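# Coordinates in review
Listed below, chain by chain, are the residues.
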Amino acid sequence: MFRYRLSEAAQGDIVDVLAWTHERFGESARLRYESLIVAALRDVATTPERPGSLARPELGAGVRSWHLRLSRAHVEPGVNVVRRPRHFLVYRCEPGIVEVGRVLHDAMELAQHLDPDSSWQ
């Protein structure tokens, strides 16, 4: 299993997504979405090029995306499933680590939120 690191932008994305979910749908929905994000991070850290992940060469060398819906079956036991997750991870592999650059809504225009030439710090 690889380790993973979240960029500052990805950390901010997660905080925003969870705050919005809590505001609109309540604490239990936020906890479900949080569990789903954790499952997705585990999934890409376990097998970064897993079936269902997409190569995103337009975003830079080695960049891939993983939609959260693909991790619904991997949440902790006893956590209800998020029926229609709308976010995905944008990540790339470096030696021994998966770097998550962003966590974006699937209706967003990627090029506006992730510059292929910028750092993922």
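To start, this report covers the structure provided alongside it. (Residues numbered from 1 in each chain as written. Predicted model: local features only at pLDDT ≥ 70, side-chain atom pairs only at ≥ 80, totals over all residues. Heavy atoms only, no water.)

Strand order in this open sheet of 5 strands is S1-S5-S4-S3-S2, and the pairing throughout is mixed. Because the sheet does not close on itself, it has two edges, and the strands there are strand S1 (3-6) and strand S2 (54-55). As defined by bridge partners, S1 adjoins strand S5 (residues 97-105) across 4 bridges and the pair is classed as parallel. Paired with Arg-5 across the two strands is Glu-99, which belongs to S5. (Pairing = 2+ DSSP bridges. Helix = DSSP H or I, 4+ residues; strand = E, 2+ residues; numbered from the N terminus.)

Summarising the element assignment, Tyr-91 is placed in strand S4 (residues 87-94). Taking relative accessible area as the criterion, Tyr-91 reaches 0% and is therefore assigned buried. When the C-alpha atoms of Tyr-91 and Val-103 are compared, they prove to be 9.0 Å apart, with 12 residues separating the residues in sequence. A polar atom in the side chain of Tyr-91 sits 2.5 Å from the backbone oxygen of Pro-48. (Buried < 20%, exposed > 50% of the residue type's maximum accessible area, 1.4 Å probe, protein only. Polar contact = N/O pair within 3.5 Å; in protein donor to acceptor, adjacent residues only side chain to side chain.)

The subject of this paragraph is the side chain of Arg-102. Tracing the backbone through its elements, the reader meets Arg-102 in strand S5. Polar contacts involving the side chain of Arg-102 include one to the side chain of Asp-13, which spans 2.7 Å.

The next subject is the pattern of salt bridges. Once their charged atoms are close, side chains differing in charge can pair, the charge on each being opposite to the other. Under the criterion given, the structure shown has 8 salt bridges. A salt bridge links Glu-99 to Arg-92; the shortest N-O distance between them is 3.0 Å. Like Glu-99, the residue Arg-92 is buried in the burial classification. (Salt bridge = Lys/Arg side-chain N within 4 Å of Asp/Glu carboxyl O.)

Once that is clear, we can look at the packing of aromatic side chains. In this structure the tally under the stated criterion is 1 aromatic pair. Judged by centre distance (5.7 Å) and plane angle (70 degrees), the ring pair of Trp-20 and Phe-25 falls under edge-to-face. For Trp-20, a relative accessible area of 44% corresponds to the partly exposed category. Phe-25 sits in the exposed class, given a relative accessible area of 56%. (Phe/Tyr/Trp six-rings, centres within 6.5 Å; stacked < 30°, edge-to-face > 60°.)

Next up on the list: the environment of Leu-89. Positionally, Leu-89 belongs in strand S4. In this structure, the C-alpha to C-alpha distance between Leu-89 and Arg-102, residues 13 residues apart in sequence, is 6.0 Å. Not counting residues within four places of it along the chain, the set of residues in contact with Leu-89 comprises Ala-40, Leu-41, Val-44, Arg-64, Ser-65, Trp-66, Leu-68, Val-100, Arg-102 and Val-103. (Contact = heavy atoms within 4.5 Å.)

Below, the discussion takes up the nonpolar core. Membership of the largest hydrophobic core comes to 20 residues, with the highest contact counts inside it found for Tyr-33, Ile-37, Leu-68, Leu-89, Tyr-91 and Val-100. Listing elements by their share of this core, those giving two or more residues are helix H1 (8-25), helix H2 (27-46), S4 and S5. Considering every element that reaches this core, the biggest residue donor is H2, with 7 residues. Counting residues in each nonpolar core, the second largest holds 5 residues, with Leu-59, Phe-88, Val-90 and Leu-104 among its members. (Core = buried A, V, L, I, M, F, W, Y, C linked by side-chain atoms within 4.5 Å.)

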